[in-house]
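# An overview of the molecular structure
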Amino acid sequence: MKFIYLFTFLYSFIDAGNYNIEKSLVTYFGNHVLHKWEGSTNDVQGVVSYYKDSDQYECSISVPLSTFSSGNDNRDSNMLVYCRAFDFPNINFQSTSIKVNESTLEIEGKIEFAGEEKEIKKNAKLNSLDNNLFAIEGELDILLSEFKVERPSLLFVEIEDLVKIKYSIQGV
């Protein structure tokens, strides 16, 4: 019986195609009544797997908060404090469903940010998908309040709750 479980476990790795995430970019856009800013990182880690037997894709992505740069060190360090990055250093995403259409992906999953989880469902543009490469791009909006992130203020006015995130993810 143990042999059957071992064989099934090993076969699942043989029958899966994996793409390691490389050359990716995630950018967030923040707003305050006095100015707008953005912060970016290309330190995107993860894997996308394809399981031939079930014709399903799965992805797991992690982005360290400390790698985002807005060009303002003071803003970046404050962001780490407000996002509780010392307790929750990464933004994580785990898919629950990925449906591949001709030029788009329907992605469902859980995003974990600042110690809170939220279900999301978004479409992404599919730029490439073959045996050697995949590339997607898309965007999503989050509300800081949904992740219980206290919004910093400048001159007694808080930043906007809505943060737009754009991503371009590539894997080989």
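Heads up: the structure comes first, above all this text.
First, a word on scope: everything that follows refers to the structure included in this document. Sequence order sets the numbering: in each chain, residues are counted from 1 along the sequence as written. The model is predicted, so local features are restricted to residues of pLDDT at least 70 and side-chain atom pairs to those at 80 or more, both for listing and for counting; the totals for chains, interfaces and linings are taken over all residues. Where side-chain values are given, they derive from all heavy atoms of the structure, hydrogens and water being excluded.

### A word on a nonpolar patch on the surface
Worth spelling out the cut-off: Patch membership is restricted to residues that have no salt bridge and whose relative accessible area is over 30%. Joining uses 9 Å for like charges and 5 Å for the nonpolar side chains Val, Leu, Ile, Met, Phe, Trp and Tyr. We get accessible surface area from the Shrake-Rupley algorithm with a probe of 1.4 Å; when it comes to residues, only the shown protein chains can shield them. We define a salt bridge as a side-chain nitrogen of Lys or Arg found within 4 Å of a carboxyl oxygen belonging to Asp or Glu. Elements are defined by DSSP. Helices are runs of H or I of four residues or more, strands are runs of E of two residues or more, and each kind is numbered from the N terminus.
Taken together, the side chains of Val 33, Leu 34, Leu 154, Leu 155 and Val 157 present a nonpolar region at the surface, about 480 Å² in accessible area. Relative to the assigned elements, Leu 154 resides in strand 9 (residues 153-154).

### Re the environment of Asn 132
The condition that has to hold: Here the term buried applies to any residue with accessible area under 20% of the maximum for its type, exposed to any over 50%, and partly exposed to those in between, with areas from a 1.4 Å probe on protein chains only. Residue contacts follow a heavy-atom distance rule, with two residues in contact if any of their heavy atoms lie within 4.5 Å.
By the element assignment, Asn 132 lies in the loop between strand 7 (116-129) and strand 8 (134-143). Taking the relative accessible area as the measure of exposure, Asn 132 reaches 60% and is therefore exposed. Along the primary structure Asn 132 and Asn 90 are separated by 42 residues, whereas in three dimensions their C-alpha atoms are 28 Å apart. The residues touching Asn 132, leaving out its near neighbours within four places in the chain, are Tyr 19, Gly 171 and Val 172.

### Description of the nonpolar core
Rule in force here: The definition of a nonpolar core used throughout is a set of buried Ala, Val, Leu, Ile, Met, Phe, Trp, Tyr and Cys residues joined through side-chain atoms within 4.5 Å.
Ile 61, Leu 65, Phe 68, Phe 113 and Ile 136 are the most contacted members of the largest nonpolar core, which has 41 residues in total. Once residues lying within four places of it in the same chain are set aside, the contact partners of Phe 68 are Val 26, Tyr 28, Gly 39, Ser 40, Thr 41, Val 63, Asp 76, Met 79 and Ile 91.

### Overview of the pairing of strand 6 (residues 104-113)
As a reminder, the rule being used: Whether two strands pair depends on DSSP finding at least two bridges between them.
Burial along strand 6 is one-sided: the residues Leu 105, Ile 107, Gly 109, Ile 111 and Phe 113 are buried and none of Thr 104, Glu 106, Glu 108, Lys 110 and Glu 112 is. As defined by bridge partners, strand 5 (residues 90-100) adjoins strand 6 across 8 bridges and the pair is classed as antiparallel. Of the residues in strand 6, the one forming a bridge with Phe 93 is Ile 111. As consecutive antiparallel partners, strand 5 and strand 6 are separated by 3 residues. By the bridge criterion, 10 bridges tie strand 6 to strand 7 in an arrangement that is antiparallel. Bridge pairing in strand 7 links Ile 107 to Lys 122. Counted along the chain from strand 6 to the antiparallel partner strand 7, the turn is 2 residues long, and its residue Ala 114 has a positive phi close to 55°.

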